[in-house]
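Structure assessment
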Amino acid sequence: MRSGVKTPSYIYRFTLFILLFATFSLMGYKLFVLEYELADLIPTVGYDVEVNMQVSGHGDKMSISTYLPIGTAHQNISDERSAPDIFTTQITVDGLNRIASWQAPAVSGTHIIRYNYFVEAEHVIYDIDRDVPISEKLPDYLQPYLAPQEGIQVNDPLIEQTLHELFGEQKPDTYEALRTIHHYLQNEFQTRNFSGFTDALTALKLKEASCNGKSRLFVALTRKLGLPSRLVGGLILNQGSKKTSHQWVEVYVRGHWIPFDTINNYFAEIPKNYLRLYYGDKVLFKHTTNINFQYMFHITKKLVPRKEMKEAMYASPLNAYNMYKIFESIGISQNLLKIILMIPLGALVIVIFRNVIGIETFGTFLPALIATAARETGLMWGLIAFLAIIMVSAMIRRFLDYLQLLHSPKMAIMLTVVVISMLLTTMVAVQTSYLDLAHVSLFPIAILAITAERFAIIQEEQGFLKALRISFFTAVVITAAYAVMSSLFMQSLFIAFPELLFFLIVLNLWLGKWVGMRLSEFIRFRKLIFKAKS
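Every value quoted in this text rests on a predicted model; they were computed, and no experiment measured them.

1. Considerations on the packing of helix H1 (residues 9–33) against helix H17 (residues 500–512)
Running from N to C, H1 and H17 point in directions that differ by 155°, and their axes come no closer than 8 Å. When the axes of H1 and H17 are compared, the pair comes out roughly antiparallel. Handedness of the H1/H17 crossing: left-handed. In contact with Tyr12, Thr15, Leu16, Leu19, Leu20, Ala22, Thr23, Phe24, Leu26 and Met27 of H1, H17 contributes Leu500, Phe502, Phe503, Ile505, Val506, Leu509 and Trp510. Among the residues making up the contact of H1 with H17, the classes are represented as 15 nonpolar, two polar and no charged.

Here it is, written out as structure tokens:
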């Protein structure tokens, strides 16, 4: 359609109708004809965990070891991969635990070992029968779980006195014992973030402890009552980077090891973001003495198809899982597919900011592309890297103007400067262990160069403050697009119902006819508007 030629309204309305019909008829067909369960269509959350270990040696033999998770009814572990640098990797099993060890005969300088795995877990709640007595006879293999050990003073008089204060002369049944001890530690003890070793008696005397001290006291009290119990070490999986691990307790009740966490008040349940790494009172990392050792867990939430959907809907023609498989067959992962599906949604956010709110940004869709790249760097590093690259490139551009170069060679040089800036940023980020920032290399290079050119032109023609103002608004829109595109709810919705892309076109068609006052115009002229009405 040529500019200036008015589109007949019936064609516009018919287009809207066709797109809305396509959207909701496809969704209705899935839900009501194929009888898909909505809960099964929505992908579940998994966690990509990277264990990052940085060591510095002086030419001597070096060894490092840590615990790796084992698949259980609660957690499924997959896609394990190791980047051992100069070290040799060995994975062994010691009782209930799996241990990864890395060794090298002579280590000089700084090296980084990475181990990755993917975790899918379920929230499990146990129902403990009431009035079940504590068993007097237990098999031999459970006896170690009743015995005292370092830090768990089962037979100390203070433990016995505490139990007498809680239960009196009568021996409680299993449920009452566990419920009372859990509430006692949950409500009567302060939680402190101690990094050192706190044994059961110290926690009892101070009435405060970290997860380690509380868990050791929980085990001491339950073992004294005749309930087999053990410590469990692991991670609470939240998006981001962390060094903190967690410890909780499992108690053996009628053939099941049942979890308890008095720090976060989980009684006979384990949430889906709890990852078991080891059983027992262990040290998570061991390494050769006299070396510089640093570690960090990097955890990333990802969406994966539900097992129920894979099994129950495999033969259905509109099964979303089949769609994922088609893309995977040509090398497009579900994660990349999710990114592709979210870009039109980010573009809609930009259209709303530009056409309805009236905010001026660099580039029409630059904020959506930067927001997409920022999902790997994190929003803060993404914004810092974006603004830094633009400023540096704009300064280079002013220097190129001074040399009076033709436009194309000048743009080629700016493109090269952007590439050099991103490579240097990545190298510095890796060397300083800011690994999120290292993903800045995923930024759209050509668009950054064009944006830097635009920044320099605005600075030259309208002043530095104007260019800075647009940069600020661009950062605001990037933040908004990032928030919407990173929403697990929106990602789940579009992966389950990709036909919603038609609905986005409908919204853009509607906004394309927007003739109302922009929010920024209303704020600017509000006095005149209200004066005219009065």
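2. Here we look at the side chain of His74
Tracing the chain through its elements places His74 in the loop between strand S1 (44–68) and strand S2 (75–83). Here Tyr274 takes part through its backbone oxygen, which lies 2.6 Å from a polar atom of the side chain of His74. Ignoring any residue separated from it by four or fewer positions in sequence, one finds His74 in contact with Glu120, Ala121, Glu122, Val124, Ile270, Pro271, Lys272, Tyr274 and Arg276.

3. Re the packing of aromatic side chains
All chains considered together, the criterion is met by 21 aromatic pairs. The ring of Trp257 has Arg230 lying over it, and the distance from NZ or CZ to the ring centre is 3.9 Å.

4. Topic: the packing of helix H3 (residues 157–167) against helix H4 (residues 174–188)
The geometry of H3 relative to H4 is characterised by a closest axis approach of 11 Å and an angle of 105° between their N-to-C directions. Between H3 and H4, the crossing angle belongs to the class labelled roughly perpendicular. Contacts between H3 and H4 involve Thr162, Leu163, Leu166 and Phe167 on the former and, on the latter, Glu176, Ala177, Thr180, Ile181 and Tyr184. Split by residue class, the contact of H3 with H4 holds six nonpolar, two polar and one charged.

5. So, helix H12 (residues 407–431)
With 25 residues, H12 should cover 36 Å at 1.5 Å per step; its first-to-last C-alpha distance of 36 Å lies within 8% of that length. Turning to H12, its buried residues number three or more, namely Lys410, Met411, Met414, Val417, Val418, Ser421, Met422, Thr426 and Ala429.

6. Thoughts on the pairing of strand S16 (residues 292–304)
In the sheet, S1 pairs with S16 via 13 bridges, with the strands oriented antiparallel. Bridge pairing in S16 places Val51 opposite Phe297. As paired elements, strand S9 (residues 240–242) and S16 share three bridges and run antiparallel to each other. The partner of Gly240 across the bridge, within S16, is Ile299.

7. A closer look at helix H11 (residues 379–402)
Between its first and last C-alpha atoms H11 spans 35 Å; for 24 residues at 1.5 Å apiece the expected length is 34 Å, and the two agree. For H11, every residue scored as buried is listed here: Gly382, Leu383, Ala385, Phe386, Ile389, Ile390, Ser393, Ala394, Arg397 and Leu400. Phi for Gln404, located one or two positions after H11, is positive at around 60°.

8. Concerning the sheet that holds strand S10 (residues 246–253)
Pairing is antiparallel in the open sheet, where five strands are placed in the order S12-S11-S10-S8-S14. Whereas interior strands pair on both sides, the edge strands pair on one side only; in this sheet they are strand S12 (266–267) and strand S14 (274–279). Across five bridges, the pairing between strand S8 (residues 229–236) and S14 is antiparallel. Opposite Leu235, over in S14, you have Leu275 as the bridge partner. Strand contacts of helix H6 (residues 211–225): S8, S10 and strand S11 (256–261), with the helix running at about 15° to S10, the strand carrying the most contacts.

9. Description of the nonpolar core
Formed by 46 residues in total, the largest nonpolar core has its most connected members in Phe386 and Leu448. For this core, the elements supplying multiple residues, two or more each, are helix H9 (334–357), helix H10 (366–377), H11, H12, helix H14 (445–462), helix H15 (464–485), helix H16 (488–496) and H17. By residue number, the principal contributor to this core is H15, which donates nine residues. Among the nonpolar cores identified, the runner-up in size contains 36 residues, and Tyr67, Tyr117, Tyr278 and Leu341 belong to it.

10. Some words on unusual backbone geometry
The phi angle of most residues is negative, glycine excepted, and most peptide bonds adopt the trans form. The backbone of Asn265 sits at a positive phi, close to 60°, despite the residue not being glycine. For Asn290, which is not glycine, the phi torsion reads 60° and is therefore positive. Secondary-structure assignment places Asn290 in the loop between strand S15 (285–287) and S16. We classify Asn290 as exposed; its relative accessible area is 73%.

11. A closer look at empty space enclosed by the protein
This model, assessed by the stated rule, comprises two cavities of 30 Å³ or more. By volume, the largest cavity is sized at about 50 Å³. Around the largest cavity sit Leu68, Pro69, Ile70, Thr72, Gln75, Leu96, Asn97, Arg276, Leu277, Tyr278 and Tyr279, which together line it. Residues of the lining of the largest cavity, tallied by class, amount to seven nonpolar, three polar and one charged. A volume near 40 Å³ is recorded for the second largest cavity. If you trace the second largest cavity, you find it lined by Val51, Thr66, Tyr67, Leu68, Tyr117, Leu277, Leu284 and Phe297.

12. What about the pattern of salt bridges?
Here the structure, examined in full by the defined rule, presents 14 salt bridges. Between Asp401 and Lys410 there is a salt bridge, with the nearest N and O atoms lying 3.0 Å from each other. By relative accessible area, which is 26% here, Asp401 ends up partly exposed. Overlapping salt bridges bring together Asp48, Asp79 and Arg81 as one network.

Conventions and cut-offs
- Residues numbered from 1 in each chain as written.
- Predicted model: local features only at pLDDT ≥ 70, side-chain atom pairs only at ≥ 80, totals over all residues.
- Heavy atoms only, no water.
- Axes fitted to C-alpha atoms, helices over the stretch in contact; angles between N-to-C directions.
- Helix = DSSP H or I, 4+ residues; strand = E, 2+ residues; numbered from the N terminus.
- Parallel < 35°, antiparallel > 145°, perpendicular 65-115°, else oblique.
- Left-handed = near helix turned anticlockwise from the far one by under 90°.
- Contact = heavy atoms within 4.5 Å.
- Nonpolar A, V, L, I, M, F, W, Y, C, P; charged D, E, K, R; others polar.
- Polar contact = N/O pair within 3.5 Å; in protein donor to acceptor, adjacent residues only side chain to side chain.
- Phe/Tyr/Trp six-rings, centres within 6.5 Å; stacked < 30°, edge-to-face > 60°.
- Lys NZ or Arg CZ within 6 Å of the ring centre and 35° of its normal.
- Expected span 1.5 Å × (residues − 1).
- Buried < 20%, exposed > 50% of the residue type's maximum accessible area, 1.4 Å probe, protein only.
- Pairing = 2+ DSSP bridges.
- Core = buried A, V, L, I, M, F, W, Y, C linked by side-chain atoms within 4.5 Å.
- 1 Å grid on protein atoms, 1.4 Å probe; cavity = no way out; pocket = protein on both sides within 12 Å on 5 of 7 lines; lining within 4 Å.
- Points joined across faces, edges and corners; volume = space filled by probe spheres on them.
- Salt bridge = Lys/Arg side-chain N within 4 Å of Asp/Glu carboxyl O.

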